[in-house]
Amino acid sequence: MAAISLGAGAVAGFFFLFFAAAASGGEAALVEHTFVVSQIKLHHLCNETLVTVVNGQLPGPAIDVTEGDSVVVHVINKSPSGLTIHWHGVKQMLNCWADGPVMVTQCPIQPGKNFTYRFNVVGQEGTLWWHAHVGCLRATVHGALIIRPRSRGSGSLYPFPEPHKEIPIVIGEWWEKSPAQLEKGIAKGDFTDLPRSATINGKLGDLNNCSGVIEDNYILDVVRGKTYLLRLVNAGIHSEYYLKIAGHTFTVVAADANYVKPYTTDTVVVAPGETVDAMFVADAPPGRYYMVIVNSKTIEGPVQTRGIVNYIPSKGSDDTPILAPKKSCQDDESTSFYFHGNLTSLPQSIMPPVPMNVDEQLIVAIDTGYTCEEGDPTCGPVSRMNNISFQLPATTPLLQDHYYHNMSSTIEEFPRRIPLGIVFNKGRTSKATSVRRVRYNSTVEIVFQGPPDGIVYSNPMHLHGHDFFVLAQGFGKYNAAKDVQTYNLVDPPMRNTALVPISGWTAIRFVANNPGVWFLHCHFEKHVSSGMGMVLIVENGPTLETTLPPPPADFPSCDDQKSGVAYE
Ligand code: C2O
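What you are looking at is a predicted structure, and each value in this text was computed from that prediction instead of being measured.

Reading the values: the criteria
Residues numbered from 1 in each chain as written. Predicted model: local features only at pLDDT ≥ 70, side-chain atom pairs only at ≥ 80, totals over all residues. Heavy atoms only, no water. Helix = DSSP H or I, 4+ residues; strand = E, 2+ residues; numbered from the N terminus. Contact = heavy atoms within 4.5 Å. Salt bridge = Lys/Arg side-chain N within 4 Å of Asp/Glu carboxyl O. Buried < 20%, exposed > 50% of the residue type's maximum accessible area, 1.4 Å probe, protein only. Domains from an automatic or database assignment. Buried area = accessible area lost by both parts, 1.4 Å probe. Disulfide = S-S within 2.5 Å. Phe/Tyr/Trp six-rings, centres within 6.5 Å; stacked < 30°, edge-to-face > 60°. Lys NZ or Arg CZ within 6 Å of the ring centre and 35° of its normal. Pairing = 2+ DSSP bridges. Axes fitted to C-alpha atoms, helices over the stretch in contact; angles between N-to-C directions. Polar contact = N/O pair within 3.5 Å; in protein donor to acceptor, adjacent residues only side chain to side chain.

Take the environment of Leu-548 next. Here Leu-548 is to be found in the segment after strand 36 (533–538). Spatially, the C-alpha atoms of Leu-548 and Glu-27 are 25 Å apart, while their sequence positions differ by 521 residues. In contact with Leu-548, not counting residues within four places along its chain, are Leu-94, Asn-95, Cys-96, Trp-97, Leu-399, Tyr-403, Pro-515, Gly-516 and Asn-540.

Bringing the pattern of salt bridges into the picture now. If you walk through the whole model with that rule in mind, you get 19 salt bridges. Its salt-bridge partner being Arg-231, residue Glu-166 comes within 2.9 Å of it at the nearest N-O pair. Of this pair, Glu-166 sits in strand 9 (residues 165–174) while Arg-231 is found in strand 14 (residues 227–234), placing the two residues 65 residues apart along the sequence. Relative accessible area serves as the criterion here: at 24%, Glu-166 is assigned to the partly exposed category.

What follows deals with the domain arrangement of the protein chain. For the protein chain, the assigned domains are domain 1 (8–148), domain 2 (165–341) and domain 3 (360–546). Each side of the interface is counted separately: domain 1 has 25 residues, and domain 2 has 33 residues. Roughly 2,600 Å² is buried in total at the junction of domain 1 and domain 2, and carbon and sulfur atoms are behind 65% of that figure. Three residues stand out in domain 1 for area buried against domain 2, namely Leu-45, Thr-127 and Cys-136, and they jointly supply 28% of the buried area on that side. Across the domain 1-domain 2 interface, the total number found is one salt bridge. One salt bridge in this structure joins Glu-166 and Arg-148, with 2.6 Å as the shortest N-O distance.

Further remarks concern the state of the cysteines. Taken as a whole, this structure holds three disulfides when the rule is applied. A sulfur-sulfur separation of 1.7 Å characterises the disulfide bridge that pairs Cys-46 with Cys-210. Given an S-S torsion of about -115°, the disulfide between Cys-46 and Cys-210 has left-handed geometry. Within this pair, whereas Cys-46 is found in the loop between strand 1 (30–44) and strand 2 (47–54), its partner Cys-210 is found in strand 11 (residues 209–210), the two being separated by 164 residues in sequence. Between Cys-107 and Cys-558 runs a disulfide, and the two sulfur atoms are separated by 2.0 Å. One quick way to see it: the torsion about the S-S bond of Cys-107 and Cys-558 is about 105°, and its sign makes the bridge right-handed. Of this pair, Cys-107 sits in the loop between strand 5 (85–88) and strand 6 (114–120) while Cys-558 sits in the segment after strand 36, and the two are 451 residues apart along the sequence. Both residues of the pair, Cys-107 and Cys-558, belong to the buried class. With cysteine numbering restricted to those in disulfides and following the sequence, the protein chain has the pairing 1-3, 2-6, 4-5. The cysteine Cys-96 is free of any disulfide, with Cys-107 supplying the nearest cysteine sulfur at 14 Å. The thiol sulfur of Cys-136 is not disulfide-bonded, and the nearest other cysteine sulfur, from Cys-522, lies at 13 Å. Accessibility expressed as a relative area gives 1% for Cys-136, which makes it buried.

Right, let's talk about the packing of aromatic side chains for a bit. Taken as a whole and assessed by the stated rule, the structure comprises 20 aromatic pairs. A ring pair is formed by Tyr-478 and Trp-505, whose centres lie 5.0 Å apart and whose planes are at 70°; its orientation type is edge-to-face. Placement of Tyr-478 in the loop between strand 31 (468–475) and helix 4 (480–483) and of Trp-505 in strand 34 (residues 504–512) is noted, with a sequence separation of 27 residues between them. As far as burial versus exposure is concerned, Tyr-478 and Trp-505 are alike and both buried. One aromatic cluster in this structure is built from Phe-35, Trp-87, Trp-97, Phe-115, Tyr-117, Phe-119, Trp-130, Tyr-403, Tyr-404 and Phe-555. Stacked on the ring of Tyr-290, the Lys or Arg Arg-306 has its end atom at 3.6 Å from the ring centre. Stacked on the ring of Phe-524, the Lys or Arg Lys-526 has its end atom at 5.7 Å from the ring centre.

Let us look at the sheet that holds strand 19 (residues 275–281). The strand order 10-9-14-19-16-17 describes an open sheet built from six strands, whose pairing is mixed. Either end of the sheet is taken by a strand with one partner, and the two such strands are strand 10 (197–200) and strand 17 (258–265). Strand-to-strand twist in this sheet, taken as the mean axis angle between neighbours without regard to direction, amounts to 25°. Direction of pairing for strand 16 (residues 250–255) relative to strand 19: antiparallel, over a ladder of four bridges. Paired with Val-252 across the bridge in strand 19 is Ala-278.

Here four strands make up an open sheet; going across it, the order is 3-8-7-5 and the pairing mixed. Either end of the sheet is taken by a strand with one partner, and the two such strands are strand 3 (63–66) and strand 5. Each strand axis lies, on average, 20° off the axis of its neighbour in the sheet, ignoring direction. In the sheet, strand 7 (residues 126–132) pairs with strand 8 (residues 142–148) via six bridges, with the strands oriented antiparallel. Across the sheet, Gly-126 pairs through a bridge with Ile-147, a residue of strand 8.

Let us now look at the environment of Tyr-117. Mapped onto the elements of the fold, Tyr-117 is located in strand 6. If we skip the residues at most four places from it in the chain, Tyr-117 touches Val-71, Val-72, Val-73, Val-75, Thr-84, Ile-85, Trp-87, Ala-98, Gly-100, Gln-106 and Ile-109. Looking at Tyr-117, its side chain comes within polar contact range of the side chain of Gln-106, at 2.8 Å.

Among the structural elements, Arg-384 can be located in strand 24 (residues 381–385). Among the polar contacts made by the side chain of Arg-384, one reaches the side chain of Asp-367 at a distance of 2.8 Å. Within the structure, Arg-384 has its side chain in polar contact with the backbone oxygen of Lys-426 (distance 2.9 Å).

Let us now look at unusual backbone geometry. Cis geometry marks the peptide bond from Leu-58 to Pro-59; its omega dihedral reads -5°. Within the secondary structure, Pro-59 sits in the loop between strand 2 and strand 3. Of note, the bond from Ile-312 into Pro-313 is cis; its omega dihedral lies within 30 degrees of zero at -5°. Its place among the elements puts Pro-313 in the loop between strand 21 (304–312) and strand 22 (322–323). One non-glycine residue, His-405, lies in positive phi territory at about 50°. When you line up the elements, His-405 lands in the loop between helix 3 (398–403) and strand 26 (412–413). Located in the positive-phi region is Asn-441, a residue other than glycine, with phi close to 70°.

This is how it looks when you write it as structure tokens:
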């Protein structure tokens, strides 16, 4: 871990400073990166596509830190779009200003401007990631954020045997439409756009070809008998993805940078926004094996890709057949339901106890509605939470208004309960910026209720600024009297994204101990961009140490904003 790495090496004049934390668990280090955001042309499937990326890479650079480190990222915007970066899953304790969601915490960093994000990574270990937080731009502006434990003394660094190698696997999507085109479709209520392919670390894979030119596979070289830790991130904007490697099984050891009890499975499920750390042993006969990634068959598609796990030294020529998984992993919703439901937390010192008494309970319907007469061809569906389709403020970010006690009178209070008489996926709905205030240190429980019947979408609900316990999930309609009996209050998994199953519900609980303005939203871009979001305002506590400090001096100004969140 003490190596000096040139993480931002592509950028002349900037160095990736790494005052290495000694393996003995020494002082916290400062990890500094420069992210130059620009547009490049990538050639895939007979087309040149202009994409916005960080440091010329897709996926963007991985940030690699040790728990306790401070991170400094200089974002230099050389792209034609305003943008922000969100550090997905980083708790940002008392540091909401660095969180990143556009118009929730900050105005976009305009083209030609810079902004430096500063944050500490404390009390979290595992895989997280970062992404642009302006509409669909995150489809190509993203990368892994890896948090290693400080030394535990002797033995493995982890609460599981130390792997031979750790490999970030960023699952992405190759879109030929630009983010702006996708956004326009979503704004019209058209949720049917599909990526051309899923990607593994930027590679489209050999299921894709155009005019006989086959796309490159992602190749993972392995040595027989060794153990590998895959740090999986679903950076896709379209779907949940299922991962299989022919002839191999996984042991899941962490999710969303929280350890879980080792869980053995042949299929790993990662929803947008989620991360999973999964180990596998290269214990198959030497050869080549497909690593297959495919979306759930209940979502429009199929969207898939595959890479190759390649045993070295290799056994023969390049034409040894590559083994594919016997069963497709494109399963029904039950694969995802059980994968998520089977995860339990690994008791450990950095995890707080499960809070037993709830101060504030929200029951939230997540579905779609219409802003005009249903059937009116000029108005497609919008997404909503408790019958409000969330709208970002146009001129001042919510955090700024909150901090300066300047909340606009047009802000609506987010309802605590599902409005009476609501019919899922039907009826008129209004657009508004809706917020709910909660007291510092109160225990909040949220039950997300998806449309209880009909095959629609799962919803990966992501909360900024806090991890939460996922207490239970179920199919159909949540029934408090019966369903609280199924709550896991002993070892529930702790996550930052809760997958609400198709036709079902999920219950989460957390202590609102981080004063600030925190976005809560579905991590499917078509859902959040069309209104499946709300904002939780956690009030200050009684002391200076529990009060949100003022914004950094160089905070992006809103004066030079062209128009709201436009990025074209
Ligand atoms: Cu990764 Cu608000 O999102």
